Amino acid sequence: PGASPPTIPPPPQDGGPGPSPPPPPKPCNERLGERAVALPDPAELERFGRRGPHRIATKSLRIGAFTNRLTYPTDAPKPWPVVIFGHGLGALPGNYGTTIDHLASHGFVVVAPNSASLFDGRDMAQAALFMQQQNEDPESEWYRALGKVGMSGHSMGGGGTCRGANRVPDLVSALVPIHAAAQQPPEVDAPVLALAG
């Protein structure tokens, strides 16, 4: 037979004090030390939950052997931060169109690789490197238009977020893996918001 589940002590029958309650949690800044950040005002969060103020455009972009959905603001001040966004297994970048368009409307350039497998992060890293090269190329339409690079993705793309960032650790400034199908954690010195449920 398997192990027995842990037992919870019954409440005291004699009205005694019973087990002492756990201590209250330490404030966030004590638990996280120097890397702690203040939580934004709820009104600010609500603003980011709505579509942003910028008009957007979408086009296809080929990087090496794969195409990408490229969505960007047309009227936001530059430099534009970049998000490399990876889709889930069996999905396409278009399945995440609402999320991608939302990010672009807030001033982000979003590059979403249309790849059969993002698990190893190779295509996401290649997309990040490509955009960096475009930002430094005087002949490119993206010359000096791009800012910091972040990675995000769902499921397979969440796993690709972690592995892709590990391939280009000096390039990635933030990560948001969503329900990541990954067993390798990010090993970069950058903020990470890992979402799961």
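Residues numbered from 1 in each chain as written. Predicted model: local features only at pLDDT ≥ 70, side-chain atom pairs only at ≥ 80, totals over all residues. Heavy atoms only, no water.

1. Some words on helix H3 (residues 97-105)
Moving on, step 1. Buried within H3 we find Gly97, Ile100, Ala104 and Ser105. Down the axis, H3 shows its buried residues gathered within 135° of arc, on one side only.
Moving on, step 2. Contacts from the buried residues of H3 go to strand E1 (56-63), strand E2 (66-73), strand E3 (80-86) and strand E4 (109-114).
Moving on, step 3. Phi for Gly107, located one or two positions after H3, is positive at around 105°. (Buried < 20%, exposed > 50% of the residue type's maximum accessible area, 1.4 Å probe, protein only. Helix = DSSP H or I, 4+ residues; strand = E, 2+ residues; numbered from the N terminus. Arc of directions from axis to C-beta. Contact = heavy atoms within 4.5 Å.)

2. Details of the pattern of salt bridges
Moving on, step 1. This model, assessed by the stated rule, comprises four salt bridges.
Moving on, step 2. The residue Lys59 makes a salt bridge to Glu141 at a minimum N-O spacing of 2.9 Å. Of this pair, Lys59 sits in strand E1 while Glu141 is found in the loop between helix H4 (122-136) and strand E5 (146-154), placing the two residues 82 residues apart along the sequence.
Moving on, step 3. Across the salt bridge formed by Asp101 and Arg69, the nearest N and O atoms sit 2.9 Å from each other. One end of the pair, Asp101, is in helix H3; the other, Arg69, is in strand E2, with 32 residues separating them in the sequence. (Salt bridge = Lys/Arg side-chain N within 4 Å of Asp/Glu carboxyl O.)

So far we have only geometry, and geometry alone does not tell us how the molecule works.
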